[in-house]
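Examination of the molecular architecture
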Amino acid sequence: MGFLSHDPLPVGELIDAARRNDAGGLAVFIGAVRDHARGRSVVAIDYSAYEPMAERVYQQIVDEVAERWPDVTLHSRHRIGHLRVGDDAVVIVASSAHRPECFAACRHVIERLKEDCPIWKKEWDAGGAQWISPRP
Amino acid sequence: MKVRLLLFAAVAEAAGETELTLELPDASTVSTLRQALIDAQPAVAGHLDGARFAINETFAAEDAALADGDTAAVIPPVAGG
């Protein structure tokens, strides 16, 4: 199963996949579609990606986590397509023997995705849609 | 040399297409490609601020060399998560 999904994200399955009897800590980050941005109301977001490159960048991030926190088990998925307010756009689950490593790995994955993973969003409000550029 | 260039998000929308094939001189780099894109599709010029380029699915610097048959891509500022 790839990192990108065109279907709703299976949060419970991802959590169960990361469970280990020797992992006492399990951290979950969910990025969901918010109803506002930059002072405007948001009703939906279209996510699109350069899919093969996004998969490749995600694998690089997985490798970074394996190198920095070898004890961490990681399961993550990002959704592509038309999402409405409240829908989950990204789910990251990390488990480890103790909590510092899983929290750190979870944070690392979302920050690195936001830097380098070729995924874009077009936000819809009542009046229409616009592409979002976080670093204008 | 011939290079396939993929366009995404606001850049694709401005161009009205998601890919084009560009004929470039030998020893072309990402900078050459950027200019060739603007020449072929002037409408994208205003959408390249902050955009990076990739060659064969890997980010490439402005002076990175292109080869015949490469697939390049314009990567506007990403916004996942």
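Below is a short write-up of the structure. (Residues numbered from 1 in each chain as written. Chains lettered and ligands numbered in written order. Predicted model: local features only at pLDDT ≥ 70, side-chain atom pairs only at ≥ 80, totals over all residues. Heavy atoms only, no water.)

1. Some thoughts on the sheet that holds strand 3 (residues 52-55) of chain B
Residues and elements named next belong to chain B.
- Ordered by their spatial adjacency, five strands build an open sheet running 2-1-5-3-4, and the pairing between neighbours is mixed. On the outer flanks of this sheet lie strand 2 (19-23) and strand 4 (58-60), each paired with one strand and no other. Averaged over neighbouring strand pairs, the angle between their axes works out to 35° when direction is ignored.
- The sheet strands contacting helix 2 (residues 30-40) are strand 1 (2-6), strand 2, strand 3, strand 4 and strand 5 (71-75), and the helix crosses strand 2 at an angle near 115°. (Pairing = 2+ DSSP bridges. Helix = DSSP H or I, 4+ residues; strand = E, 2+ residues; numbered from the N terminus. Axes fitted to C-alpha atoms, helices over the stretch in contact; angles between N-to-C directions. Contact = heavy atoms within 4.5 Å.)

2. Some words on the pattern of salt bridges
Residues and elements named next belong to chain A.
- Per the counting criterion, the structure on display carries 16 salt bridges over all chains.
- Taking the shortest distance from any N to any O, the salt bridge between Arg 40 and Glu 123 comes out at 3.6 Å. A residue pair is termed long-range when its members are at least 10 positions apart, and Arg 40 in strand 4 (residues 40-41) and Glu 123 in strand 9 (residues 119-125) qualify at 83 residues.
- Note that Arg 107 and Glu 111 form a salt bridge whose closest N and O atoms lie 2.8 Å from each other. Taken together, the residues Arg 107 and Glu 111, both in helix 3 (residues 99-116) and four residues apart, mark about one turn of the helix.
- In this structure Arg 107 comes out as exposed when scored by relative accessible area, which is 55%. (Salt bridge = Lys/Arg side-chain N within 4 Å of Asp/Glu carboxyl O. Buried < 20%, exposed > 50% of the residue type's maximum accessible area, 1.4 Å probe, protein only.)

3. Things to note about the nonpolar core
- Grouped together as the largest cluster of nonpolar side chains are 41 residues, with contacts concentrated most on A:Tyr47, A:Tyr50, A:Ile92, A:Leu113, A:Ile119 and B:Ile75.
- Residue assignment for this core shows that the elements contributing at least two residues are strand 5 (44-49), helix 2 (51-68), strand 8 (88-96), helix 3 and strand 9 of chain A together with strand 5 of chain B.
- If we ignore the near neighbours within four places in the chain, the residues touching A:Tyr50 are A:Pro118, A:Trp120, B:Leu6, B:Phe8, B:Glu57, B:Thr71, B:Ala73 and B:Ile75.
- Formed by 24 residues, the second largest nonpolar core is a distinct cluster that contains B:Leu7, B:Ala12, B:Leu24 and B:Ala60. (Core = buried A, V, L, I, M, F, W, Y, C linked by side-chain atoms within 4.5 Å.)

4. Structural notes on unusual backbone geometry
Residue and element names in this part refer to chain B.
- Despite not being glycine, Ala 9 shows a phi value in the positive range, around 50°.
- Its location among the elements puts Ala 9 in helix 1 (residues 9-15).
- Within the chain, Asn 56 stands out as a residue other than glycine whose phi angle is a positive 50°.
- Within the secondary structure, Asn 56 is located in the loop between strand 3 and strand 4.

5. Quick notes on the interface of chain A and chain B
- Each partner contributes residues to the interface: chain A has 25 residues there, and chain B has 20 residues.
- Taken together, both faces of the contact between chain A and chain B bury some 2000 Å²; the carbon and sulfur share is 58%.
- Across the salt bridge formed by A:Lys122 and B:Glu13, the nearest N and O atoms sit 2.5 Å from each other.
- Here chain A is connected to chain B by twelve residue pairs in polar contact (both at pLDDT 80 or more).
- Counting only elements with at least two residues in the side of chain A that touches chain B, the list comes to strand 5, helix 2, strand 8, helix 3 and strand 9 of chain A.
- A total of five residues in the side of chain A that touches chain B trace back to one element, the largest contributor, which is helix 3 of chain A.
- Along the lines of polarity and charge, the residues of the side of chain A that touches chain B split into 16 nonpolar, two polar and seven charged. (Buried area = accessible area lost by both parts, 1.4 Å probe. Polar contact = N/O pair within 3.5 Å; in protein donor to acceptor, adjacent residues only side chain to side chain. Nonpolar A, V, L, I, M, F, W, Y, C, P; charged D, E, K, R; others polar.)

Such coordinate-based values are descriptive only and should not be taken to indicate function.
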